[in-house]
Amino acid sequence: MTDPNCIFCKIAAGHIPSFKVFEDDVVFAFLDIGPLVTGHTLVIPKAHYPTVMETPPEVLSAINARIPALSRAVLAATGAKACHVLVNNGSEAMQSVDHLHYHILPRKPGDSFRIPWNAGTLDKASGSSLAESIKSELAR
Ligand code: AMP
Ligand code: ZN
């Protein structure tokens, strides 16, 4: 379950150096080499899955089980009280490395990091129609 051309597979295997902060049988966590904020940390499965859409639930469970302690440790080490935990899935969603990774991004008051959050509106007709579409996809 590794991809010989994948940089995160190589990092998880120890073939490429990283600032590792945690490792167990399933999960590997290390500092992002291009931090958006101080403490920017990546949490990955050791096995190669491109996005959450292909990742088995038990692997996602193992990652998620580690997220609280990892997030607390990153916050304590950086003196932050808040963080984003986010996953980019697919190039349109700004994913650049095709090996699933959770970003932990600590936030502090007055920091310069911004996520454009241009909220739209959801009207009754399109909300209802969209919810029905998603429900019927789930029922397939
Ligand atoms: P994404 O855009 O969600 O795919 O994020 C990929 C992240 O991987 C970026 O934040 C990069 O800075 C980070 N990254 C790429 N190569 C390395 C590396 N060798 N070590 C640590 N982080 C890396
Ligand atoms: Zn990989």
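One can find the structure itself at the top, above this paragraph.
Here goes a summary of the coordinates provided.

About the criteria used
Numbers given for residues are sequential positions, taken from 1 along each chain in its written order. For this description, chains carry letters from A and ligands carry numbers from 1, given in the order in which they are written. The model is predicted, so local features are restricted to residues of pLDDT at least 70 and side-chain atom pairs to those at 80 or more, both for listing and for counting; the totals for chains, interfaces and linings are taken over all residues. Remark: hydrogens and water are excluded; side-chain values derive from all non-hydrogen atoms of the structure. To form a nonpolar core, buried Ala, Val, Leu, Ile, Met, Phe, Trp, Tyr and Cys residues must be joined to one another through side-chain atoms within 4.5 Å. Between buried and exposed lies partly exposed: a residue is buried under 20% and exposed over 50% of the maximum accessible area for its type, with that area taken using a 1.4 Å probe on protein chains only. Numbering of helices and strands runs from the N terminus, with a helix taken as a DSSP run of H or I at least four residues long and a strand as a DSSP run of E at least two residues long. Here, residues are in contact when the closest pair of their heavy atoms is within 4.5 Å. Strand pairing is assigned whenever DSSP identifies at least 2 bridges connecting the two strands. In this analysis, axes come from line fits to C-alpha atoms, helices being fitted only over the stretch in contact, and the angle between any two N-to-C directions falls in the range 0 to 180 degrees. Any N, O or S atom lying within 2.8 Å of the metal counts as a donor, with the limit raised to 3.2 Å for Na, K and Ca; because water is left out of the atom set, some sites can appear incomplete. A four-donor site is called tetrahedral if each angle lies between 85 and 135 degrees; a four-donor site is square planar, and a six-donor site octahedral, when trans pairs exceed 155 degrees and the remaining angles lie between 65 and 115; all other cases are labelled irregular. Throughout this description, the term salt bridge denotes a Lys or Arg side-chain nitrogen within 4 Å of a carboxyl oxygen of Asp or Glu. Multiply 1.5 Å by the residue count of a helix minus one, and that product is the helix's expected span. We define the bend at each residue as the angle formed by axes fitted to the 7 residues ending at it and the 7 residues starting at it. Each polar contact in these results corresponds to two N or O atoms within 3.5 Å; when the atoms are within protein, one needs to be able to donate a hydrogen and the other to accept it, and residues that are neighboring in sequence are counted only if both atoms are side-chain atoms. Residue proximity to a molecule or strand is established when one non-hydrogen atom of the residue lies within 4 Å of it. Surface accessibility in these figures is a Shrake-Rupley result with a 1.4 Å probe; residues are shielded only by whichever protein chains are displayed.

Let's talk about the nonpolar core
Consideration 1: One finds Val 43, Ile 63, Ile 67, Leu 70, Leu 100, Tyr 102 and Ile 104 to be the most contacted residues of the largest nonpolar core, which totals 13 residues.
Consideration 2: Those elements that provide at least two residues to this core are β2 (27-31), α2 (57-78) and β5 (102-107).
Consideration 3: Here the element with the most residues in this core is α2; it accounts for six residues.
Consideration 4: When near neighbours in sequence (up to four residues on either side) are disregarded, Ile 67 contacts Val 43, Val 85, Tyr 102 and Ile 104.
Consideration 5: The next biggest cluster of nonpolar side chains, apart from the first, holds 10 residues, and it includes Cys 9, Phe 28, Phe 30 and Ile 44.

Some details on the sheet that holds strand β3 (residues 41-45)
Consideration 1: With respect to topology, five strands assemble into an open sheet ordered β1-β2-β3-β5-β4, the strand pairing being antiparallel. Each edge of the sheet is formed by a strand with only one pairing partner; in this case those strands are β1 (20-23) and β4 (82-86). Going across the sheet, the axis of each strand differs from the next one's by a mean of 15°, ignoring polarity.
Consideration 2: Here β3 pairs with β5 via three bridges, running antiparallel. When the bridges of β5 are listed, Thr 41 appears paired with Ile 104.

Examining the coordination of the zinc ion (ligand 2)
Consideration 1: Here the zinc ion (ligand 2) is held by Cys 6 (SG), Cys 9 (SG), His 48 (ND1) and His 99 (ND1), and the distances to it run 2.0 to 2.2 Å.
Consideration 2: Relative to the metal, the four donor atoms surrounding the zinc ion (ligand 2) lie at angles of 106 to 117°, and the coordination shape comes out tetrahedral.
Consideration 3: Written as a sequence motif, the donor residues of the zinc ion (ligand 2) are C-x2-C-x38-H-x50-H. Within this pair, whereas Cys 9 is found in helix α1 (residues 7-12), its partner His 48 is found in the loop between β3 and α2, the two being separated by 39 residues in sequence. Each member of the pair, Cys 9 as well as His 48, is classed as buried.

Remarks on the pattern of salt bridges
Consideration 1: In this structure the tally under the stated criterion is seven salt bridges.
Consideration 2: Salt bridges sharing common partners tie together Lys 20, Glu 23 and Lys 46.

Concerning α2
Consideration 1: Under the 1.5 Å per step criterion, the end-to-end length of α2 is 31 Å for 22 residues, consistent within 8% with the ideal 32 Å.
Consideration 2: Ile 67 marks the point of greatest bend in α2, at about 35°, and the proline Pro 68 comes within the next four residues.
Consideration 3: Turning to α2, the residues buried within the fold contact β1, β2, β3, β4 and β5.
Consideration 4: Within two residues after α2, Gly 79 carries a phi angle of roughly 75°, on the positive side.

Examining the side chain of His 99
Consideration 1: Here His 99 shows up in the loop between β4 and β5.
Consideration 2: In this structure the side chain of His 99 is engaged in a polar contact, spanning 3.4 Å, whose partner is the side chain of His 48.
Consideration 3: The residues touching His 99, leaving out its near neighbours within four places in the chain, are Cys 6, Phe 8, Cys 9, Ile 44, Pro 45, Lys 46, Ala 47, His 48, Tyr 49 and Pro 50.

Concerning the site of ligand 1
Consideration 1: Near ligand 1 there are 17 residues, and of these Asp 32, Met 94, Ser 96, His 101 and His 103 occur at the shortest range.
Consideration 2: Within the backbone of Met 94, a nitrogen or oxygen atom sits 2.7 Å from an oxygen atom of ligand 1.
Consideration 3: Look at ligand 1: alone it shows 500 Å² of surface, and the protein chains cover 82% of it.
Consideration 4: At the level of secondary structure, the elements contributing two or more residues to the shell around ligand 1 comprise α1 and β2.
Consideration 5: The element best represented in the shell around ligand 1 is α1, accounting for three residues.

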